[in-house]
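Spelled out, the chains give:
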Amino acid sequence: MKVDPVTAINGKDFVAAKLDAMKILLSIVAGGGALFALYLAVRRQRTTERICVRGSMPRRTPRTASTCAVNVGAMAALSTVSMPR
């Protein structure tokens, strides 16, 4: 294969072209990952709303907001207690 030396990319230009191609490829992959994460978030939100409309809560979530408040209060109380040395 014969390559015209005047139009061929070589040296710094070749490295710059490869880096630009990598940046574009990584941007496409990151965008796809972001779209997939957005899809999962929408699906989870929809599922949560359906569960709340039916009136049943999933087992893995706390039953009430007060349970979360008690846990946060307990953690705050533990952080203020000094440990014996």
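Residues numbered from 1 in each chain as written. Predicted model: local features only at pLDDT ≥ 70, side-chain atom pairs only at ≥ 80, totals over all residues. Heavy atoms only, no water.

1. A short note on the overall build of the protein
Under the convention used in this document: Every helix listed is a DSSP run of H or I at least four residues long, and every strand listed is a run of E at least two residues long, numbered separately from the N terminus. Residue exposure (1.4 Å probe, protein chains only): buried if accessible area is under 20% of the type maximum, exposed if over 50%, otherwise partly exposed. Note on areas: Shrake-Rupley with a 1.4 Å probe; residue coverage comes only from the protein chains shown.
Secondary structure assignment for the protein yields two helices and zero strands. Relative to its 85 residues, the protein shows a buried fraction of 1%. Accessible area of the protein: about 8200 Å², with a carbon and sulfur share of 66%.

2. Let's talk about the packing of aromatic side chains
So the rule is basically this: Only Phe, Tyr and Trp rings are paired, with Trp represented by its six-membered ring, and only when their centres lie within 6.5 Å; those with planes under 30 degrees apart are stacked, over 60 edge-to-face, the remainder tilted.
This structure, assessed with the given rule, holds one aromatic pair. Taking the centre distance of 6.5 Å and the plane angle of 35 degrees together, the rings of Phe36 and Tyr39 count as tilted. Taken together, the residues span about one helical turn, with Phe36 and Tyr39 both in helix H1 (residues 12-54) at a distance of three residues. In this structure Tyr39 comes out as partly exposed when scored by relative accessible area, which is 45%.

3. Here's the deal with a positive patch on the surface
This is how it is decided: Patch definition: residues above 30% relative accessible area lacking any salt bridge, with like charges linked at up to 9 Å and the nonpolar side chains Val, Leu, Ile, Met, Phe, Trp and Tyr linked at up to 5 Å. What makes a salt bridge here is a side-chain nitrogen of Lys or Arg within 4 Å of a carboxyl oxygen of Asp or Glu, nothing more. Positive residues here are Lys and Arg, negative ones are Asp and Glu, while His and the chain termini are left out of the count. We put the charge of a Lys on NZ, of an Arg on CZ, of an Asp on CG and of a Glu on CD.
Side chains of Arg43, Arg46, Arg50 and Arg54 sit close together on the surface and give a patch of like positive charge. By the secondary structure assignment, Arg54 is in helix H1.

4. Some remarks on a nonpolar patch on the surface
Side chains of Ile9, Phe14, Val15 and Leu19 sit close together on the surface and give an oily, nonpolar patch of about 380 Å² of accessible area. Examined against the element boundaries, Phe14 turns out to sit in helix H1. The class for Phe14 is partly exposed, based on a relative accessible area of 40%.

5. Some details on the pattern of salt bridges
Following the criterion strictly, the structure yields one salt bridge and no others. Of the charged contacts in the structure, one is a salt bridge between Lys23 and Asp20, with a shortest N-O distance of 3.5 Å. Taken as a pair, Lys23 and Asp20 lie in helix H1 at a separation of three residues, close to a single helical turn.

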